[in-house]
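# Reading the structure
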Amino acid sequence: EYNYYNTAPYVQEYNYYNTAPYVQEYNYYNTAPYRFIKTDAYVRAMTEKRIVITEFGTFAYPDPCKNIFSRFFSYFKGIEVTDNALVNIYPVGEDFYACTETNYITKVDPETLETIKKVDLCKYVSINGVTAHPHIENDGTVYNIGNCFGKNFAIAYNVIKIPPLHADKEDPITNFGMSPNYLLFVEQPVKINLFKFLSAWSIWGANYMDCFESHETMGVWMHVAEKHTGEYLNIKYRTSAFNIFHHINTYEDNGFLIADVCCWKGFEFIYNYLYLANLRENWDEVKRLAEKAPQPEVRRYVLPLDIQKSDAGKNLVTLPYTTATATLRSDDTIWLEPEVLFSGPRQAFEFPQINYKAYGGKDYKYAYGLGLNHFIPDRLMKLNVKSKETWVWQEPNTYPSEPIFVPTPDALEEDDGVILSVAVSPAVGHKPSFLLILDAKDMSEIARAEVDTLIPVTFHGMFKKP
């Protein structure tokens, strides 16, 4: 099985019934086994030696034992959704779940890394998929947003809630339901074509990426709902088109909602430029493609919550510390213009993290991110969102992953803690991978734990106290 770095020529599975405690993958250094999450997608792929369930960018390879007619009729059996839990991991009560962005999450043992069970969220709430980025409150309540397929090939968005662990220790997922949640939802101009999703996939074959469409004239709409009452605020916030994958933080201040986001300018879907075939080109070609792609920025949007008709044509933002504007137009929409917090030529600040437990949903100062240089993750960054000052950790021929902030126990300052990141260093003479530990105040290196094997870099992760 080839991973992102194409380092593993094959995988050894102990038997067809997947009864072994782990699968051992040999890389060039052949020194340590990996522990894989035993999702159905993984087990079936390893058993049949091919991609059996369609993934985000890869359609399932046809069964070589079937002729063309049996393959054609098998497409009418319905869509088989992947449970490949490769994006994130988060706590629910006392349990931990790995997830992707479909309706399946996978319970894992955080001590042994064994796969315990798969949970189908469709059994508890009306959704077809949820994000891999839930919000988790200090009491353990999990909030997320999912989509469901409606009438006339429409898609609706549902806010869902998993309550905290109760005294009886009952699994919180058994109480899973709709929630009145205070939510900012950014509706971007990239959408799923539901007709294509249901028909093309079933009949002639497509993957998730094939079902996305960009809407050139739509721009961006922002929607706000009141958490405690579930009331949708009927205020139409609009701005120019961008792609968004990650919010940094959102908080309230004197009747305004302040949203800091990592975005890519324009309506074109940024994922179109992230196929491995493109990223495996030589450096000059990677840079050429990045020049054509939507350009990244960190932006601050300010949404006024109290609107008066008499304010038409005026900038409604009165906060003294931002240049972001919000203007009431004659069609009753609020047009938003952002303040740019970070921008560099083909330099992205992505996979953001903050001191989430103490400052999530509150006024804050510091964000940490993975720096992408023409799509290549080659640095870790700290951003002061108030002064726009930045700090950088970088090392030649080294590629870190998402920074994870771990606060110092009983910390008094927002940035009192450390940053953790898994880094790959494939240059000759280097240890191939290491866990990097930085001082969160100045991004200086404290230590690193090196290993003699390639550790795949992560999309997202979390720190669990021992």
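Residues numbered from 1 in each chain as written. Predicted model: local features only at pLDDT ≥ 70, side-chain atom pairs only at ≥ 80, totals over all residues. Heavy atoms only, no water.

### A short note on the pattern of salt bridges
For side chains of opposite charge, pairing can occur when their charged atoms come near one another. By the definition in use, this model includes 23 salt bridges. For Asp-415, the salt bridge goes to Lys-382, with nearest N and O atoms at 2.8 Å. You can see Asp-415 sitting in the loop between strand 28 (404–407) and strand 29 (417–424) and its partner Lys-382 sitting in strand 25 (residues 376–384), a full 33 residues away along the chain. Residues Asp-415 and Lys-382 agree in their burial class; the two are buried. Residue Glu-445 pairs with Arg-448 through a salt bridge whose shortest N-O separation is 2.8 Å. Judged by its relative accessible area of 35%, Glu-445 falls in the partly exposed class. You can call Arg-448 partly exposed: its relative accessible area is 26%. (Salt bridge = Lys/Arg side-chain N within 4 Å of Asp/Glu carboxyl O. Helix = DSSP H or I, 4+ residues; strand = E, 2+ residues; numbered from the N terminus. Buried < 20%, exposed > 50% of the residue type's maximum accessible area, 1.4 Å probe, protein only.)

### Focus on helix 5 (residues 283–292)
Working note: α-helix, 3.6 residues per turn, so residues spaced by three or four point in the same direction. When helix 5 is considered as a whole, its buried residues turn out to be Val-286, Leu-289 and Ala-290. End-on, the buried residues of helix 5 take up no more than an arc of 100°, which puts them together on one face. Residues of helix 5 that are exposed and point more than 90 degrees away from the buried face comprise Asp-284 and Lys-292. Looking at the buried residues of helix 5, the elements they touch are helix 4 (276–279) and strand 25. Near the N-terminus of helix 5, the side chain that reaches the backbone nitrogen of Asp-284, with its oxygen 3.2 Å away, is that of Asn-282. (Arc of directions from axis to C-beta. Contact = heavy atoms within 4.5 Å. Polar contact = N/O pair within 3.5 Å; in protein donor to acceptor, adjacent residues only side chain to side chain.)

### Observations concerning the UniProt feature "binding site: Fe cation" (unreviewed entry) in the protein
UniProt annotation of "binding site: Fe cation" (unreviewed entry) refers to His-133, His-246 and His-460 when read in the numbering used here. A stretch of 328 residues holds the annotated residues, and the largest C-alpha distance among them is 11.2 Å, short enough that they meet in one place. Mapped onto the elements, His-133 comes out in the loop between strand 7 (129–130) and strand 8 (135–136). Taking relative accessible area as the criterion, His-133 reaches 31% and is therefore assigned partly exposed. Those residues in contact with His-133 that lie beyond four places of it in its chain are Asn-88, Glu-101, Asn-144, His-246 and His-460. On the secondary structure map, His-460 appears in the segment after strand 31 (445–451). Overall, the relative accessible area of 11% leaves His-460 in the buried class. What His-460 contacts, discounting residues up to four positions off in sequence, is Val-87, Asn-88, His-133, His-246, Phe-351 and Glu-402. (UniProt positions renumbered as here; feature names shortened; annotations may be inferred.)

### Notes on the environment of Asn-158
As for its placement among the helices and strands, Asn-158 is situated in strand 10 (residues 155–162). A residue is classified by how much of its surface remains accessible, and Asn-158, at 13% relative accessible area, is buried. Separated by 33 residues in sequence, Asn-158 and Val-125 have C-alpha atoms that sit 9.2 Å apart. Reaching out from Asn-158, the side chain makes a polar contact with the backbone oxygen of Ser-126 at a distance of 2.6 Å.

### Points about the side chain of Asn-243
Along the chain, Asn-243 falls in strand 17 (residues 242–253). Of the residues examined, Asn-243 reaches a relative accessible area of 0% and is grouped as buried. Of the polar contacts made by the side chain of Asn-243, one reaches the backbone oxygen of Glu-268; its length is 3.4 Å. Residues in contact with Asn-243, not counting those within four places in the same chain, are Gln-188, Val-190, Cys-262, Cys-263, Trp-264, Gly-266, Phe-267, Glu-268, Phe-269 and Ile-270.

### So, the sheet that holds strand 17
Across the sheet, four strands lie side by side as 17-18-19-22; this open sheet has antiparallel pairing. The sheet is open, and its two edges are formed by strand 17 and strand 22 (339–342), each paired on a single side. Each neighbouring strand pair of the sheet contributes to a mean axis angle of 30°, computed without reference to strand direction. (Pairing = 2+ DSSP bridges. Axes fitted to C-alpha atoms, helices over the stretch in contact; angles between N-to-C directions.)

### Regarding the pairing of strand 19 (residues 296–304)
Of all the nine residues making up strand 19, nine are buried; the element is thus mostly covered by neighbouring parts of the structure. Burial along strand 19 is two-sided: Pro-296, Val-298, Arg-300, Val-302 and Pro-304 facing one way and Glu-297, Arg-299, Tyr-301 and Leu-303 facing the other are all buried. Across nine bridges, strand 18 (residues 256–265) lies against strand 19 in antiparallel orientation. Bridge pairing in strand 19 links Leu-257 to Leu-303. In the sheet, strand 19 pairs with strand 22 via three bridges, with the strands oriented antiparallel. In the sheet register, Val-298 faces strand 22, and the bridge partner there is Phe-342.

### Concerning the packing of aromatic side chains
Applying the stated criterion to the full structure yields 14 aromatic pairs. Arranged with centres 6.3 Å apart and planes meeting at 55°, the rings of Phe-342 and Phe-349 form a pair that is tilted. Judged by relative accessible area, Phe-349 falls into the buried class, the value being 3%. Taken together through their ring pairs, the aromatic side chains of Phe-56, Phe-212, Phe-245, Phe-269 and Tyr-271 make up a single cluster. (Phe/Tyr/Trp six-rings, centres within 6.5 Å; stacked < 30°, edge-to-face > 60°.)

### Quick look at the side chain of Asn-88
Among the structural elements, Asn-88 can be located in strand 3 (residues 88–92). Within the local environment of Asn-88, its side chain forms a polar contact with the backbone oxygen of Ala-132, the two atoms lying 2.8 Å apart. Other than its neighbours up to four places away in sequence, Asn-88 contacts Tyr-97, Ala-98, Cys-99, Ala-132, His-133, His-460 and Gly-461.

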